[in-house]
Amino acid sequence: MSQLALRHIVKKYGDYIASDDVSFEIPKGKIFGLLGPNGAGKTTLIRMITRILYPDSGSILFNGEILSDKHTERTGYMPEERGLYKKMKVGEHLVYLARLKGLSGADAKKRVNEWLEKFEITNWREKNIEELSKGMSQKVQFIATVIHNPELLILDEPFSGLDPINSKLIEDEIHHLSQKGVTIIFSTHRMEQVEEICDEIVLVNKGRKILEGGVKELKQQFKENKFRVSYSGEILNGFLDKLQVVSRNNGELEVKFEEEHHGNDLLKLLVEHNVEVTSFNEILPSINEIFIRQVQAN
Amino acid sequence: MGKIFIIIQREYITRVRRKSFLITTLLAPLGFFLLIASSVLISTFSQGKTHVAIVDESGLFKDIPIPDADDQSVYFHRVTENYDDLLSEVTKEESAKYEALIFIPADFNVNTPNNPAIAYRYVKRPGMIKQQFINQRMTDVLQKLRMKMLQVDEQQIEDMQQKVKLNFESLDNSKEKQGYTDAAAIVGMVMGFAIYISLFFYGTMIMKGVMEEKSNRIVEVLTSSVQPFQLLMGKILGVGAVGLTQFVLWIILMFGVNLFSGVLFGIAMGSGAGMGELKNSGLDADDLLIVTQNLSALPIAQIVILFPLYFLGGFFLYGSLFAAVGAAMGEDGDQQSLMVPITIPIIISIFIAINVINNPDSSLGFWGSIIPFTSPIVMCALLPFRPEWWQILLSIVLLIGGFVLTTYVAAKIYRVGILMYGKKIKMSELVRWIFSKG
C-alpha cells in the first residue's frame, strides 16, 4: 500500500488552476521528489497534503484512508518559507510545536532534549529565537518538523540557507529517517540533490503532472543512446562517417548511436575497426536535463 | 479543543511575561490620573487673561456693575479716557494695558440695543467660549440696566430670579436619591469607555499578533498542525484572557489606591466619564458626593453580570474582525485602510453612548443597544438607567448571533489571508474570500 495517493486532484483560485487533475502515488519508506519550476503548483499540492488547503475535487488517501485532520499529527512539514516566534526560547518553542502535533507536555520535553543532544545544541535551549543565525534556526526548524516521529515528512527546499556542514547533517538525518521507514517528500529546484537523494520523482508544470517514475528508470527512459569513448591512437576518418559524432577532442569521443542498437554493438564496431578503447560509458541524461527538456516541451 | 487550549496558553504566557504587560498594567492607572490632572490643568491654563476697557459714551451703564469672569479669564475696566487715544494705544503698543475695547456709542438706545450696536474691538481674536461669555455678560448688564430704568429694586430682582430645584424621586426604587441620573450617567459612561478603549487596545493586540505570525511565516508551520480556525480562536481567547487579567489587576490597583484616598475614587469616577463631557455638564464635588450616595441604588447585580458579558461579546465580535484585518494586511503592515470598516462602528458607538446618557429613552439609544456592532458600548452606558429586560435579552441574543457571524466571516478571510504573500488585497477580494468554499 502506498503512503500517500493523490487521485484526480483539482484546485482552482478563481480562474487560475493551480492543480489540474493531478494523480500520483508515493510508496511507503521512499524518498520522493516533487519537482517543478516556480509557480508549477508544488506548494499547492503540499498544502493540500498537509490539509492547509482542501482540493476542489479529487481525493487524497493516507495509508489507504481518506486524508483527515488526524493524519496531520503523523505528518511533519517544513515549508520553504519558514519562521519561528522571535521572542520565544528555543526549548519552549520546540515543546510548543511538538504539543500542537499531539505530544503530551512531558513527552515533548523529553524529545526536545533528545534532539538537542543529538544535534549537540543543548546550550541553545534558553536562547531566544531572535538570537539565532539563519542556519541555526533552520536546525531548530528541522527538529520541530521531525520531533513527533512522523510517518510522512515533507521538506520544501530543506537545504536553503545551510552551510555545507549543516547541509550534510540534515542530509544524513534524511537518509537515517528514510532507513527507519519514514516516507519523505522532498521538494526542490536543485536537481543534483534530487539525483543524490530521491528514489522516485514526479514532475509538475502549470498545475499538471508531466512526468513520474523512479530516478533510475527515468534516466533509462530518456537516454538518447549516447556513449563516451576514450581511446588511444588514431581513428580512421572513414569509420567515423558511419556514426553520429556529438563531439571529438583529445582522444575522447561522444557519439549518438542508432536507437535500435545496443552499446555492445558500438563496442564491437570499435574493436573491429582497431580502435584502442581505454574507457567506454553510456551517457545517461541528468534529471536536470530531463526536467528542462520536459518543461520546455510543455 | 485541546489544541486551542495549547494555543491559548502560549498566547497568554508569552504576553503576560513581557515587560510591556507589567508596565501597562502598572502605569495605565497612573496614566489615567495624569490624563485627568492634565485635562484639569489644560482647562485652567488654556484661558489667557484678557483685559477689556469699556468706553461708555452713552453714560447709561455708569452705575451698573460689570463683574469680571469667575475663572479670571476676562477682566472689565471702566475707563474715562478718550476712545481714539485708547484705540491707538491698543493697536500700536504691545504692552498696552488692555487687549480689547468695548465701545458703547453715545446714541445707544436700550430699546434697540443692536442698533447702534455695542462694538468689541480686538487685536487678538477671543476664542468662542470667551466671545460667548462676554456677550452673555453684556446681555446681563443690559438686563440690569433696564430693570433699574423700570425701577425694580435689587431685592425684587433677586426674588424674581429664584430657582427651584425639583426633587426627582423614583416611584419604584426608594434607594434612588436626589441626583441618581447623574450617578447613572457617570457609571454608564465609565463602562462604555472601558469597553471602547479595551476594544481598540486588545483588538490591536490580536491584529499585531496575526501580522507577526504572517510576516515571520510561522503560520505555515502552524497551519500544518492545527486548523486556521483553532489558531484564530486560540489567539482571540488568549488575548481575551490577558485582557481579563489586566482588568482584574486594574480593579485591585484602583481599590488599593482608594484605600489611601477616598477622594481619588470620586475623581476617578468623575473624569473617567469622558473627561470634557462631564465637566461641561457642570459636575462639581457636590455632585460627586451625590454619585457616591447613589451607588447603592444602581442595579449592581445586573451590572456585575452584564458588563463582563458585553465586554466579552464585544471582544469576540471585534476581536475576530481585527484578526481578519491582520491576516489580510501586507507583511509590512501597510493597508491601514482595511481597518476603517472596523473602527467606524466602534467610534459611532461611543458617540451614541455619550448621547444616551443624556437621553436614555431615545430611539437612538434603543437601536444602538440592540444592534450587535454598537450594543456592547451603548448597552453598558444604558445599564444604570435600567433598560427593559426584553431589550437586554434581545440585545444579548443579537450580540451572540453577531459574533457567530463575524467569527465565521473573519475565519474565512483569515484562512486565505494568512497564506497570501506579496499581494495588495482589495476590499472586493475580501468579500470574495468570505463566499469562497475554503
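Conventions and cut-offs
Within every chain, residues take consecutive numbers counted from 1 along the sequence as written. Key to labels: chains lettered from A, ligands numbered from 1, both in the order written. In keeping with the predicted nature of the model, local features appear solely for residues at pLDDT of at least 70, side-chain atom pairs appear and are counted solely at 80 or more, and the whole-chain, interface and lining totals rest on all residues. Water and hydrogen atoms play no part in the side-chain values, which are based on all heavy atoms of the structure. In this description a helix means any DSSP run of H or I spanning at least four residues, a strand means any run of E spanning at least two, and both kinds are numbered starting from the N terminus. The rule is simple: take the accessible area with a 1.4 Å probe, protein chains only, and divide by the maximum for that residue type; under 20% is buried, over 50% is exposed, in between is partly exposed. For accessible areas, the Shrake-Rupley method is used with a probe of radius 1.4 Å. Any residue's cover is judged against the shown protein chains and nothing else. Any two strands with at least two DSSP-identified bridges between them are counted as paired. Between the N-to-C directions of two axes lies an angle of 0 to 180 degrees, each axis being a line fitted to C-alpha atoms and, for a helix, fitted only over the stretch in contact. Angular relationships are summarised with four words: roughly parallel below 35 degrees, roughly antiparallel beyond 145, roughly perpendicular across 65 to 115, and oblique for the angles in between. Contact between two residues is taken to exist if any of their heavy atoms lie within 4.5 Å; hydrogens are not considered. Ten residue types, Ala, Val, Leu, Ile, Met, Phe, Trp, Tyr, Cys and Pro, are classed as nonpolar, four, Asp, Glu, Lys and Arg, as charged, and the remainder, Gly among them, as polar. In the analysis that follows, any N or O atom pair within 3.5 Å is treated as a polar contact, provided that within protein one partner can donate a hydrogen and the other can accept it, and provided that, for residues neighboring in sequence, both atoms belong to side chains. Residue ranges assigned to each domain were obtained from an automatic or database domain assignment. By buried area we mean how much accessible surface two parts lose on assembly, using a 1.4 Å probe and totalling the loss over both. Every case where a carboxyl oxygen of Asp or Glu lies within 4 Å of a side-chain nitrogen of Lys or Arg is listed as a salt bridge.

K.L.:
Mind showing me how you'd approach the overall build of chain B here?
P.N.:
Summing up its helical and strand segments, chain B has 17 helices and 4 strands in all. Per-residue burial over chain B gives 47% buried out of 438 residues. A total of about 23200 Å² of accessible surface is found on chain B, and carbon and sulfur atoms cover 64% of it.

K.L.:
Explain the pairing of strand β4 (residues 57-62) of chain A here, please?
P.N.:
Residues and elements named next belong to chain A. With 5 bridges joining them, strand β1 (residues 2-13) and β4 adopt antiparallel strand pairing. What sits directly across from Ala 5, in β4, is Leu 61. Both β4 and strand β5 (residues 65-66) contribute to a ladder of 2 bridges, which runs antiparallel. Considered in β5, the bridge of Phe 62 is made with Glu 65. Between β4 and β5, which follow one another and run antiparallel, lie 2 residues, and Asn 63 among them has a positive phi close to 55 degrees.

K.L.:
Quick question: what am I supposed to make of the packing of helix α14 (residues 363-370) of chain B against helix α16 (residues 389-417) of chain B here?
P.N.:
How two helices pack is summed up by the angle between their axes together with the distance between the axes. All names here are of chain B. Two elements in contact, α14 and α16, have axes separated by 8 Å at closest approach and are oriented at 40 degrees. With respect to each other, α14 and α16 are oriented oblique. Where α14 approaches α16, its residues Phe 366, Ser 369 and Ile 370 are matched on the opposing element by Trp 390, Gln 391, Leu 394, Ser 395 and Leu 398. Partitioning the contact of α14 with α16 into residue classes produces 5 nonpolar, 3 polar and no charged.

K.L.:
Where do I start with the environment of Gln 138 of chain A in this structure?
P.N.:
All names here are of chain A. Inspection of the secondary structure puts Gln 138 in helix α4 (residues 134-146). Given a relative accessible area of 4%, Gln 138 falls into the buried group. When the C-alpha positions of Gln 138 and Leu 218 are compared, they lie 32 Å apart, and in sequence the two are 80 residues distant. Beyond its immediate chain neighbours, meaning those up to four positions away, Gln 138 contacts Arg 82, Pro 158, Phe 159, Ser 160, Gly 161 and Leu 162. Of the polar contacts made by the side chain of Gln 138, one reaches the backbone oxygen of Ser 160; its length is 2.3 Å.

K.L.:
I'm lost on the sheet that holds β1 of chain A in this one. Help?
P.N.:
Residues and elements named next belong to chain A. Read across the sheet, 4 strands follow the order β2-β1-β4-β5 without closing on themselves; strand pairing throughout is antiparallel. Either end of the sheet is taken by a strand with one partner, and the two such strands are β2 (16-27) and β5. Its contacts with the sheet place helix α1 (residues 42-49) against β1, β2 and β4, and it is angled at close to 120 degrees to β1.

K.L.:
What is the right way to look at unusual backbone geometry in this model?
P.N.:
Negative phi is the rule for most residues except glycine; trans is the rule for most peptide bonds. Following Asn 115 of chain B, the chain continues into Pro 116 of chain B via a peptide bond in cis, with omega recorded as -5 degrees. Relative to the assigned elements, Pro 116 of chain B resides in the loop between β3 (100-104) and β4 (119-122). Despite not being glycine, Asn 149 of chain A has its phi angle at roughly 50 degrees, a positive value. With respect to the element layout, Asn 149 of chain A can be found in the loop between α4 and β7 (152-156). Notably, Arg 386 of chain B is not glycine yet its phi reads approximately 55 degrees, a positive angle. With respect to the helices and strands, the residue Arg 386 of chain B is situated in the loop between α15 (375-382) and α16.

K.L.:
It is not clear to me how the side chain of Ser 137 of chain A should be interpreted in this structure. Could you clarify?
P.N.:
Residues and elements named next belong to chain A. For Ser 137, the position within the fold is in helix α4. Of note is the side chain of Ser 137, whose polar atom sits 3.1 Å from the backbone oxygen of Lys 134. Those residues within four positions of Ser 137 in sequence are excluded, and the remaining contacts are Leu 84 and Leu 132.

K.L.:
Can you walk me through the domain arrangement of chain A in this structure?
P.N.:
Size of an interface: often given as the accessible area lost when the parts come together. Residues and elements named next belong to chain A. With domains assigned, chain A is organised as domain 1 (2-214) and domain 2 (222-297). Relative placement of domain 1 and domain 2: their C-alpha centres are 41 Å apart. Between domain 1 and domain 2, the residue contacts involve 11 residues of the former and 8 residues of the latter. Buried surface at the junction of domain 1 and domain 2, both sides included, amounts to about 780 Å², of which 82% is carbon and sulfur. For the domain 1 face of the interface with domain 2, the top three residues by lost area are Met 191, Glu 195 and Leu 211, together amounting to 51%. Where domain 1 touches domain 2, the interface holds 0 salt bridges. The interface formed by domain 1 and domain 2 holds 1 residue pair in polar contact (both at pLDDT 80 or more) in total. When residues of the side of domain 1 that touches domain 2 are traced back to their parent elements, those giving at least two are α6 (191-197), β9 (200-205) and β10 (208-214).

K.L.:
Explain the pattern of salt bridges to me, please; I cannot follow it from the model alone.
P.N.:
A side chain with one charge may pair with a side chain of the opposite charge, provided their charged atoms come close. A complete count under the given rule lists 25 salt bridges over all chains for this structure. Between Glu 252 of chain A and Arg 228 of chain A there is a salt bridge, and its shortest N-O distance comes to 3.8 Å. Residue Glu 252 of chain A is located in strand β13 (residues 252-256), and its partner Arg 228 of chain A is located in strand β11 (residues 226-232); the two are separated by 24 residues in the primary sequence. Since its relative accessible area comes to 30%, Arg 228 of chain A is described here as partly exposed. Between Glu 254 of chain A and Arg 228 of chain A there is a salt bridge, with its nearest N and O atoms 3.7 Å apart. Placement of Glu 254 of chain A in strand β13 and of Arg 228 of chain A in strand β11 is noted, with a sequence separation of 26 residues between them. Residue Glu 254 of chain A is classed as buried on the basis of its relative accessible area, which comes to 18%. Here the salt bridges share partners, and the residues they tie into one network are Arg 10, Glu 11, Arg 15, Glu 213 and Lys 235 of chain B.

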